[in-house]
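Listed below are the residues making up each chain.
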Amino acid sequence: MWMPLSGQLDFPNLMAGYQRTYLPEKVFVHTDKSIYAGGETIWAAVYLVNGLTHRPDSISGVVHLELQNAAGVVMEGRKLHPYDGNTSGEIALPASILPGMYQLVAYTTYQRNSGDQSIFRKKIQVVSGLKESGGVDAPDDVIPGSTPVDPVAPKINLRFFPEGGDCVVGIPCRVAIIAEGPDGGARSISGTLKRKDGLAIKTFSTESTGISTIEYRPLGGEEIQLDQGATNAVFPLPIPLANGFHLSVYERNDTVSITLQTNAPMGLAGASMLVHLRGIGLLDRQFNGRKNKARFLLPTKDLPEGVITATIFDPEGQPVAERLFFVAPRKSDLEVSILDSTYLMRSSVEVSLRMPQADVLLDSLRGGRISLSVLPLSSTGGPAGDDIRSWLLLNSDLDRPVPAAPELLFGDLVDDRSRKIEDYLLTRGWRRFRWRDLVDFKDEPPAYPLELGVYLRGQMTKIDERNAPRPGKVFLSRLENAYTEERVTDEDGNFAFGPYTIEGNLPVSVQGRFKWGKRNRNNPKISLEDNNNVFLKVKELESPSLPVVLSPTPGQLIDPATAPAAAPIAASDYEEASRKSLTVARTYDSLIIDLQVVDVVTKRINEVEEARDARANLYGTPDDRIVLDSVAGAYAARNVLDLLRTVPGVSITGNNEDAKVSIRGINSFDLSTEPAYFIDGNPATLEQLLILPIEVIEFIDVLKGATASAFGSIGANGVILVYTRSGDFSVDKEPGLLNATIRGYHKVRQFAIFDADAPANRGRADLRTTIHWNPILRTEADGTAKESFTTSDQTGRFLIIAQGLRKDGRPFVGTQTFRVGSGD
């Protein structure tokens, strides 16, 4: 039995204590666009805010930015430094990346204490890049991100969401219905609500969202019969409570009506209601009378913007009903102005940006943050996602995001906007915390620590039993400058060095020591002269496991821009535009050196390749080879697994020491699937590969099928061979010693400005798919900022997209269109 809430506990103090330890943070990422080709770069502006006020925040010292594939596997990862709540980063997509749907994920480690569902994610569409530069098509039998659909006639599944949580016998109740197909997609259906005796009460139909609502006075035994021709399925409605409390919310004009009803003998006596926004209390009401009904009218103008939660507690303090409702922001766009509507190719464009001001005396507009992207129309396709308004004010506070939220909230052509938003919220739950968590909260260190900087985390275990912890002391050193640090591990052998504010990767040495006897397990006097028979390993924090993203509707992508004149862009249109841009970049960027230098470089490359082939002479040409110096972002990999994930046919499940590796199409007679591993020709284990610093690896060969037969039965499941730069790495390293790498902050690249006057660009066509990108603009005291860019050699319509955050936490979005050339 858990502790009651109402009456005995003080809500404001309870929430304040919870928020001091689990202060919610939110992250939003604005990317230059939503669709890319292999070989291009994702440019990202990152906003870190206080989850309660949405003001810029830098309590956490690291924002993790990751690109995950459709299976949830991290393809690329970055650690970004959120100075003053704002930072930027980029992820270069390899030319060989498979086309399909990917997911950009951003979070702080501390934020994960609020649940992984609070983590920012954005769908990214990737189309084929230049096949000549290494791009590959997806195998015929694999469509990344797709969900198999039963070819038999689709079955319909209904899910029911009674308003407030439960219907109560005799009290009018509204129930939201979601109709889904076998693939989880929304279905448009019609049906009839019937009594237990078969009497029809009313009919209904769902919209394209698959959602509808019905309202009735439940008696028990009601059911829904679908009107789907030959598939007339029957679904029983949730059984209503014989005695209980019901909560309903209606938004009418400029007022929110909250109604509480009960059929309990004592009425509402002893019950209470709490209304709050993200844990900030708005209304706390206790009921003393025995009335069965109470109603509250709240003027919308007096309520803060965002998702508001109303909760009823019974006399014992148990939460018995809860309802979400949304107060939409007053439409006030970020003003984006340019001098003309039409420009010539390669001409300068001046952009003026202005944040709206609600109160001249109270608002502080200096230091507002704005990120800006300029795109040709062919680049405005891709999956629709949240903008900074819809994410911070709506989807970041829901257990499941509302699809196409920016258009729903701010689009000019949306009918019955309030009712549609209300339908979605009837099917969602608030996720910032749960009441049980709040009551059971203890002021203890959270499960996910606050990262003030970057860390090197690891564990010390027994040398002959590497999963058994060995507490003791660890010593970190750098021979280059004689720097040393030491830490006493916890009882499980875990240790962490940091926080550091370094950029890039820093190689270090870690040594572990211990003394015999339980009393010496945490002895701070342990020195390097003590026992070193331990095994050390790096333990990175696992990435969050998030729902798998689905592919978009084949052949058509959704335009994320709110400009009504912008038509949806087909993926094939962007693929053609990106191919032209990549062809120009590859041609010019590789020929800006004279022929004599090219000859020298070519000779050197041949010598290096010959040396690699000589080291692999046992088996000849591998099926796949990863040369780290030739792979963008290779040295940002956490371990060998991150590199192997990019190899076609190599399947990896899990992470680090729990990972399972297999090579598709290969199975040994003993039914095992794990390939053989080698380091510099010496047999090795996956565990030994995982502790190998990325910096020491020169290349990796993967052998499959007939190529692996050179290793006999050992290669039955394929072979993975890692070659270091020195060529003499010993897997039997000194006990108690670990050569590791501190993964520092990502060194952010600047978006390249095209200089038409540069000698290297003479005669070069400017066909870039992103014309301009600035992730960190700051406003002046009057809320204005200015930016300029140069148009490209493309004609047609272009779109300017600006997103920003005022210092007081109010988010804004603004767009503007212009044309280059003349005509339609």
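Parameters at a glance
Residues numbered from 1 in each chain as written. Predicted model: local features only at pLDDT ≥ 70, side-chain atom pairs only at ≥ 80, totals over all residues. Heavy atoms only, no water. Pairing = 2+ DSSP bridges. Helix = DSSP H or I, 4+ residues; strand = E, 2+ residues; numbered from the N terminus. Axes fitted to C-alpha atoms, helices over the stretch in contact; angles between N-to-C directions. Buried < 20%, exposed > 50% of the residue type's maximum accessible area, 1.4 Å probe, protein only. Salt bridge = Lys/Arg side-chain N within 4 Å of Asp/Glu carboxyl O. 1 Å grid on protein atoms, 1.4 Å probe; cavity = no way out; pocket = protein on both sides within 12 Å on 5 of 7 lines; lining within 4 Å. Points joined across faces, edges and corners; volume = space filled by probe spheres on them. Phe/Tyr/Trp six-rings, centres within 6.5 Å; stacked < 30°, edge-to-face > 60°. Lys NZ or Arg CZ within 6 Å of the ring centre and 35° of its normal.

## Topic: the sheet that holds strand β22 (residues 319-327)
If you trace the 4 strands from one edge of the open sheet to the other, you get β19-β18-β21-β22, paired in antiparallel fashion. Both outer strands of the open sheet, β19 (280-286) and β22, are each paired with one neighbouring strand and no more. Between one strand and the next, the sheet's axes are offset by a mean angle of 15°, whatever the strand orientation. By the bridge criterion, 6 bridges tie strand β18 (residues 272-277) to strand β21 (residues 306-313) in an arrangement that is antiparallel.

## Comments concerning the sheet that holds strand β26 (residues 369-376)
Pairing within the open sheet is mixed, and its 5 strands lie in the order β24-β45-β44-β26-β42. A single partner strand is all that each edge strand has here, and the edge strands are β24 (342-343) and β42 (772-778). Relative to strand β45 (residues 811-820), β24 is paired through 2 bridges, and the arrangement is parallel. Along β45, the bridge assignment pairs Tyr343 with Val820.

## What to know about the pairing of strand β6 (residues 86-92)
The buried fraction of β6 is high, at 6 of 7 residues. Bridge analysis of strand β3 (residues 41-50) against β6 gives 7 bridges, and the strand direction is antiparallel. Bridging across to β6, Ala45 finds its partner in Ser88.

## Description of the pattern of salt bridges
When charged atoms on two side chains of opposite charge get close, those side chains can pair. If you walk through the whole model with that rule in mind, you get 39 salt bridges. Between Glu90 and Arg749 there is a salt bridge whose closest N-O contact spans 3.6 Å. Of this pair, Glu90 sits in strand β6 while Arg749 sits in the loop between β41 (737-743) and β42, and the two are 659 residues apart along the sequence. The partner of Glu485 in a salt bridge is Arg487, with the nearest N and O atoms 3.0 Å apart. When its relative accessible area of 14% is taken as the criterion, Glu485 is described as buried. Put simply, Glu163, Arg174, Arg323 and Glu422 are held in one network by salt bridges that share partners.

## Considerations on empty space enclosed by the protein
Taken as a whole and assessed by the stated rule, the structure comprises 5 cavities of 30 Å³ or more. What the second largest cavity holds in volume is close to 70 Å³. Contributing to the lining of the second largest cavity are Glu305, Pro329, Arg330, Lys331, Ser332, Asp333, Arg389, Leu393, Phe410, Arg810, Pro811 and Phe812. Listing elements by their share of the lining of the second largest cavity, those giving two or more residues are α2 (388-393) and β45.

## A word on the packing of aromatic side chains
Summed over the entire model, instances satisfying the criterion amount to 13 aromatic pairs. Ring geometry for Phe28 versus Tyr47: centroids 6.2 Å apart, planes at 45°, classification tilted. On the criterion of sequence distance, the pair formed by Phe28 in strand β1 (residues 25-31) and Tyr47 in strand β3 is long-range, its members being 19 residues apart. Summarising the burial analysis for this pair, Phe28 and Tyr47 share the class buried. A network of ring pairs unites the aromatic residues Phe28, Tyr47, Phe120 and Trp391 as a single cluster. Taking NZ or CZ as reference, Arg389 lies 3.6 Å from the ring centre of Phe410, over its face. We note Arg466 situated over the ring of Phe535; from NZ or CZ to the ring centre the distance is 4.0 Å.

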